[in-house]
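Letter by letter, the chains look like this.
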Amino acid sequence: MKEILQHRSVKEIEIAEAVFDDIRISSEQALYLYENSDPVFCGWLANILKERNYNQRVFYNKNIHVEVSNICINRCSFCSFYRDRLDSPAWEMSIDDIMVLIAEKSTDGITEIHITGGLHPEKKLAFYVELLTQIRAKYPEVHIKAFTAVEIEYFAKTENRSYQDVLGILKSCGMNSLAGGGAEILDDNIREILCPLKTKSQTWLEIHRIAHEMGIKSNCTILYGHIEKYKDRVYHMRKLRELQDRTGGFNCFIPLKYKSHGNSLEINTETSLSEELKNYAISRLFLDNIPHIKAYWPMSGVEMALMALSFGADDFDGTISDSTKIYSMAGGEKKPELSENQIRNLLSEAGFIAFERNSEYVVIAENEIY
């Protein structure tokens, strides 16, 4: 340790000492790491925290995504997924279509169905109530993670109901947890450029607060590497950390890198590999109260996700079964599908111990004790 810290700045040594003593780092310290420290130093500190909690354990699950439609009224400039109805490829699935898809993709014993999609102008709350009801009836043991705060706000507006009413209805029909998308950067000046029609920052936070207080856990995300500055990333994570202090309802934080392909934002460069790893590390260091950091391989690619596991991430997401197009349409993995054996072998070869989890991070495999 002395050798590693020998040529470090006073502020870096102070941050390292805080990590060793399990003391929360400040926003100012996180910003200092972004602006002054190298990825190796940040990763070394983040790995200390990760191994303190999980040793070499890395979590995964058996899951599929249901992306009901990519027709969306929001038209966010960074989004490569949305289409107008007459665009190609635009799609919208019926409930029967979705049930067939789930039956086809669930042959390997999935434990989670993740439902999301665009804000389709005709698919309102009643459609999703019926969808959840049918899924829960046929798959009573499967965890349904569904909708972002953006969709909850949309349902509330179109039905003239409160967020609590909407969440209560969906929970009663079988929704177990809320997805973490739509956060982007929690600064409305940035959102005005990226996604002017999308949920405002405070509303996103408020919906997650209400969900948590109703016993509905959720994930949270950041979309970084576009027009934001380091200070904006820190501010975003500070708002998440403050809400987590209040509710304890976030299961996992997922850093999502802006992908430049196929959108109207007109930023052609992407965050470098070293910057991506550094961002994982600082996320782990700063978000001390969110238990898990996910390396979402369909977005980053398998090799990058494996590297992130040495920079603070402890979750590899899941098998996916080629059921998501959100990042493949933006230039991510073209066929996002890994078998359980492939995941376990990849993690083992990288020096980690694979643990299958459920959506609430309870280990499933009988021969593994968490």
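This one's a predicted model, so the numbers in the text were calculated from it and none came from an experiment.

Draft legend 1. Just the pattern of salt bridges, in detail. Counted under the stated rule, the structure contains 29 salt bridges. Linking Glu184 and Lys198 is a salt bridge whose minimum nitrogen-to-oxygen distance equals 2.6 Å. Highlighted residues: Glu184 in the loop between β4 (177–178) and α9 (188–194) and Lys198 in the loop between α9 and α10 (201–213), separated in sequence by 14 residues. When sorted by exposure, Glu184 lands in the same class as Lys198, which is buried. Through salt bridges that share partners, Arg24, Arg241, Asp245 and Asp288 make up one connected network.

Draft legend 2. The arrangement of unusual backbone geometry in detail. With omega at -5 degrees, the peptide bond leading from Ser88 into Pro89 counts as cis. The phi torsion at Asn160 lies on the positive side, around 55 degrees, for a residue other than glycine. Examined against the element boundaries, Asn160 turns out to sit in the loop between α7 (149–159) and α8 (163–173). Residue class for Asn160 comes out exposed when judged on its relative accessible area of 72%. Of note in this structure, Glu266 is not a glycine but carries a positive phi near 65 degrees.

Draft legend 3. Region of the structure containing the side chain of His236. Of note, His236 is situated in helix α11 (residues 230–247). When its relative accessible area of 0% is taken as the criterion, His236 is described as buried. With residues up to four places along the chain from it excluded, the contact list for His236 reads Ala183, Glu184, Ile185, Leu186, Thr221 and Ile222.

Draft legend 4. Highlighting the pairing of strand β8 (residues 315–320). With 6 of 6 residues buried, β8 is to be regarded as a mostly interior element. Where strand β1 (residues 57–67) meets β8, 3 bridges bridge the pair, whose relative direction is parallel. Each bridged residue has a counterpart across the sheet, and for Asn61 the counterpart in β8 is Gly318.

Draft legend 5. Focus on the confidence of the model for the protein. Looking at the protein, pLDDT values average 94 and 97% of them are 70 or higher. Overall, residues 366–370 carries pLDDT values under 50, and its contacts beyond four positions in sequence, including any with other chains, amount to 11 contacts.

Draft legend 6. Quick peek at the side chain of Thr221. Tracing the sequence through the fold places Thr221 in strand β5 (residues 217–224). Within the local environment of Thr221, its side chain forms a polar contact with the backbone oxygen of Gly180, the two atoms lying 2.8 Å apart. When sequence neighbours within four positions are dropped, the list of residues in contact with Thr221 reads Gly180, Gly181, Gly182, Ala183, His236, Leu240, Phe253, Ile254 and Leu256.

Draft legend 7. Representation of α11. End to end, α11 covers 26 Å across 18 residues, agreeing with the expected 26 Å (1.5 Å per residue, within 8%). Backbone geometry just downstream of α11 places Gly248 in the positive-phi region, at approximately 65 degrees.

Draft legend 8. View of the packing of helix α4 (residues 39–54) against helix α12 (residues 273–286). Two elements in contact, α4 and α12, have axes whose closest approach is 8 Å; the angle formed by their N-to-C orientations is 40 degrees. As α4 runs across α12, the sense of the crossing is left-handed. Contact with α4, carried on its side by Pro39, Cys42, Gly43, Leu45, Ala46 and Leu49, involves Ser274, Lys278, Ala281, Ile282, Arg284 and Leu285 of α12 and no other residues of that element. Residues belonging to the contact of α4 with α12 are distributed by class as follows: 8 nonpolar, 2 polar and 2 charged.

Draft legend 9. Quick look at the packing of helix α2 (residues 10–20) against α4. Their axes nearest at 10 Å, the elements α2 and α4 cross at an angle of 10 degrees. The orientation of α2 with respect to α4, classified from their angle, is roughly parallel. Contacts between α2 and α4 pair Glu12, Ile15, Ala16, Val19 and Phe20 from the former with Phe41, Trp44, Leu45, Ile48, Leu49 and Arg52 from the latter.

Draft legend 10. The pairing of β5, seen in detail. Burial of β5 is extensive: 7 of the 8 residues sit out of reach of the surface. In this sheet, β5 lies alongside β4 in parallel orientation, the contact comprising 2 bridges. Its bridge partner lying in β5, Leu178 is registered against Ser218. Pairing analysis gives 7 bridges linking β5 to strand β6 (residues 250–257), with the strands arranged parallel. When the bridges of β6 are listed, Ile222 appears paired with Pro255. This β-α-β element, β5 to α11 to β6, shows right-handed connectivity.

What counts, and at which threshold
- Residue positions are given per chain, counted from 1 along the sequence in the order it is written.
- Side-chain atom pairs in this predicted model are given and counted only at pLDDT of 80 or more, local residue features only at pLDDT of at least 70, and totals for whole chains, interfaces and linings cover all residues.
- With hydrogens and water excluded, all non-hydrogen atoms of the structure serve as input to the side-chain values.
- A carboxyl oxygen of Asp or Glu within 4 Å of a side-chain nitrogen of Lys or Arg is what we treat as a salt bridge.
- Helix and strand definitions follow DSSP, with helices as H or I runs of at least four residues and strands as E runs of at least two, each counted in order from the N terminus.
- Only protein chains enter the area calculation, which uses a 1.4 Å probe; residues under 20% of their type maximum are buried, those over 50% are exposed, and those in between are partly exposed.
- Residue contacts are defined here by distance: any two heavy atoms, one from each residue, within 4.5 Å place the two residues in contact.
- We call two strands paired when DSSP finds no fewer than two bridges between them.
- A score from 0 to 100, pLDDT tells how confident the predictor is in each residue.
- Polar contact is the term for a pair of N or O atoms within 3.5 Å; when the atoms are in protein, one must be able to donate a hydrogen and the other to accept it, and sequence-neighboring residues count only if both atoms are side-chain atoms.
- Here the expected span of a helix is defined as 1.5 Å times the quantity of residues minus one.
- Axes, fitted as lines to C-alpha atoms, cover a helix only where it is in contact. Angles between the N-to-C directions of the axes lie from 0 to 180 degrees.
- The hand of a helix crossing depends on one turn: near helix anticlockwise from the far one by less than a right angle means left-handed, and clockwise means right-handed.
- Three classes are used, and their members are as follows: Ala, Val, Leu, Ile, Met, Phe, Trp, Tyr, Cys and Pro are nonpolar, Asp, Glu, Lys and Arg are charged, and the others, Gly among them, are polar.
- Note on angle classes: values under 35 degrees are labelled roughly parallel, values over 145 roughly antiparallel, values of 65 to 115 roughly perpendicular, and the remainder oblique.
- Crossover handedness is defined here as right-handed if the route from the first strand over the helix to the second strand goes clockwise, with the strands pointing away from the viewer.

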